[in-house]
Amino acid sequence: MSTQNNGAPKPPTPSAQTDFSIEAHPGSHVNKVIAVVSGKGGVGKSSVTAMSALWTRRNGYQTAVLDADITGPSVPKMFGVGYADLVATEECLYPANTITGIKVMSMNLLSKQEDAPVIWRSPVITGAIKQFWTDVCWGYVDYMFIDMPPGTGDVPLTVFQSFPVDGIIIVTTPQDLVSMIVKKALGMAKLMKVPVLGIVENMSYVKCPHCGEEIRIFGDSHVEEIAEKYDIPIIARIPIDPEMTSYMDTGRAEYYESTFMEGLKDVLPPVD
Ligand code: ADP
């Protein structure tokens, strides 16, 4: 294949240093943006995103959740919001408001049929994610949590390059190859110059309903050694709690009382 370009100037090579950032809608004033990541699906990333948002909201902060996990957009379902909760004007699209006032935007909200699969090619998906920043009027938000798709593909890259992400929360489970996931997340964080705020180990243990003993059904956790090795705080260790599933999976996330995410108070960047 010829590499000649007839003397035309060479296009610049994109790199981590290239500025791909995009302007938020003038109707948005988002103070801190926190990305919630995991190595694979089903580890409870969306649940941790929802619980983080609940924690900041309960502590009096204006809170938003941007569901960028097009592989499994479960955030609207957790908060019991749907297509009918969106309001669009010529100027902008407003996020759905949950009963406690958390603002939510998700690909799922854009379709009347919430179980319709998103069968779009990558550039279309990344374009839609960017529009969640440029075309949505978020209003005033202290903390926005972004539920990222698992892994390090196109969408996470787009979010890190386009959005002003202030910190990353890594969600793992005891069965995960925690070291590898943390290394990858740290690699991406370093490249994007975003700090890792901490790790959440989900499905850490089961509490015996009779004696209260913590049973580690997935074996010993390695999260402590990894946290120490890479000098990352452990934000929370969350047990398997059937009650959580029943609240989260039936749109009643806001009724779920827990103190699991208290550790956020030590790691979240303060709002300006
Ligand atoms: P992900 O976003 O990583 O794909 P989800 O947060 O959607 O994972 O969780 C997957 C399923 O596991 C959901 O049904 C959720 O309610 C359930 N789940 C997550 N964490 C827990 C937990 N600690 N205890 C019980 N069920 C959980």
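In what follows, the accompanying structure is described. Everything numeric in this text was worked out from a predicted model, so none of it was measured.

## What to know about the overall build of the chain
Then, in step 1: Within the chain, the regular secondary structure consists of 8 helices and 12 strands.
Then, in step 2: Its C-alpha atoms give the chain a radius of gyration of 19 Å, near enough to 19 Å, the size a compact globule of 272 residues would have.
Then, in step 3: Seen along its three principal axes, the alpha-carbon backbone of the chain occupies a region of about 75 × 45 × 40 Å.
Then, in step 4: The proportion of buried residues among the 272 residues of the chain is 47%.

## What to know about a nonpolar patch on the surface
Then, in step 1: Together, Ile215, Ile217 and Phe218 make up an exposed nonpolar region whose accessible area comes to about 250 Å².
Then, in step 2: One can find Phe218 in the loop between strand E11 (214–215) and helix H6 (223–230).
Then, in step 3: Exposure remark for Phe218: the relative accessible area of 32% places this residue in the partly exposed category.

## Some thoughts on the nonpolar core
Then, in step 1: Among the nonpolar cores identified, the biggest contains 79 residues, and Phe79, Phe160 and Met261 are the most heavily contacted of them.
Then, in step 2: Tallying contributions element by element places helix H5 (residues 178–192) first for this core, with 7 residues.
Then, in step 3: Residue contacts for Phe79: discarding those within four places in its chain leaves Ala50, Leu54, Val65, Thr98, Ile102, Val104, Gly251, Ala253 and Glu254.

## Looking at the sheet that holds strand E2 (residues 63–67)
Then, in step 1: Taken in spatial order, the 8 strands line up as E5-E6-E2-E7-E1-E8-E9-E12 in an open sheet, and their pairing is mixed. Strand pairing shows two members of the sheet lacking a second neighbour, strand E5 (96–97) and strand E12 (234–237), which therefore form its edges.
Then, in step 2: Pairing of E5 with strand E6 (residues 103–106), which is carried by 2 bridges, proceeds in the antiparallel orientation. Each residue of the ladder has a partner; that of Asn97, found in E6, is Lys103.
Then, in step 3: On the sheet, H5 packs against strand E1 (28–38), strand E8 (167–172) and strand E9 (196–201) and is oriented at approximately 165° with respect to E8.

## Brief notes about the pattern of salt bridges
Then, in step 1: Taken as a whole and judged by the stated rule, the model has 4 salt bridges.
Then, in step 2: Residue Asp69 pairs with Lys45 through a salt bridge whose shortest N-O separation is 3.0 Å. Placement of the pair is Asp69 in the loop between E2 and helix H2 (75–79) and Lys45 in helix H1 (residues 45–58), with a sequence separation of 24 residues. Side by side, Asp69 and Lys45 carry an identical accessibility label, which is buried.
Then, in step 3: In this structure, Asp147 and Lys45 form a salt bridge, with 2.7 Å as the shortest nitrogen-oxygen distance. Here Asp147 is found in strand E7 (residues 139–147), whereas its partner Lys45 is found in helix H1, with 102 residues between them in sequence. Exposure class is identical for Asp147 and Lys45. Each is buried.
Then, in step 4: Within the structure, one salt-bridge network assembled from shared partners comprises Lys45, Asp69 and Asp147.

## What about the state of the cysteines?
A covalent bond bridging the sulfur atoms of two cysteines is what the word disulfide describes.
Then, in step 1: Taken as a whole and assessed by the stated rule, the structure comprises 1 disulfide.
Then, in step 2: A sulfur-sulfur separation of 2.1 Å characterises the disulfide bridge that pairs Cys92 with Cys137. With the S-S bond torsion at -115°, the cross-link from Cys92 to Cys137 turns out left-handed. Here Cys92, found in the loop between strand E3 (87–88) and strand E4 (93–94), pairs with Cys137, found in the loop between helix H3 (122–134) and E7; they are 45 residues apart in sequence, far enough to count as distant.
Then, in step 3: The buried category is assigned to Cys92, whose relative accessible area is 6%.

## Regarding the packing of aromatic side chains
For any pair of aromatic rings, geometry is given as the distance between the ring centres together with the angle between the planes.
Then, in step 1: As enumerated under the stated definition, the model contains 4 aromatic pairs in all.
Then, in step 2: Grouped by ring-pair contacts, the aromatic residues Tyr61, Tyr143 and Phe145 constitute a single cluster.

## Some details on H3
Then, in step 1: End to end, H3 covers 18 Å across 13 residues, agreeing with the expected 18 Å (1.5 Å per residue, within 8%).
Then, in step 2: Among the residues of H3, Ile125, Thr126, Ala128, Ile129, Phe132 and Trp133 are the ones counted as buried. End-on view of H3: buried residues confined to an arc of 155°, all on one side of the axis.
Then, in step 3: If you follow the buried residues of H3, they end up packed against E1, E2, E6, E7 and helix H4 (154–162).

What counts and how
Residues numbered from 1 in each chain as written. Predicted model: local features only at pLDDT ≥ 70, side-chain atom pairs only at ≥ 80, totals over all residues. Heavy atoms only, no water. Helix = DSSP H or I, 4+ residues; strand = E, 2+ residues; numbered from the N terminus. Rg over C-alpha atoms; globule rule 2.2 N^0.38 Å. Buried < 20%, exposed > 50% of the residue type's maximum accessible area, 1.4 Å probe, protein only. Patch = residues over 30% accessible without salt bridge, like charges linked within 9 Å, V, L, I, M, F, W, Y side chains within 5 Å. Areas by Shrake-Rupley, 256 points an atom, 1.4 Å probe, with all protein chains shown as cover. Salt bridge = Lys/Arg side-chain N within 4 Å of Asp/Glu carboxyl O. Core = buried A, V, L, I, M, F, W, Y, C linked by side-chain atoms within 4.5 Å. Contact = heavy atoms within 4.5 Å. Pairing = 2+ DSSP bridges. Axes fitted to C-alpha atoms, helices over the stretch in contact; angles between N-to-C directions. Disulfide = S-S within 2.5 Å. Phe/Tyr/Trp six-rings, centres within 6.5 Å; stacked < 30°, edge-to-face > 60°. Expected span 1.5 Å × (residues − 1). Arc of directions from axis to C-beta.

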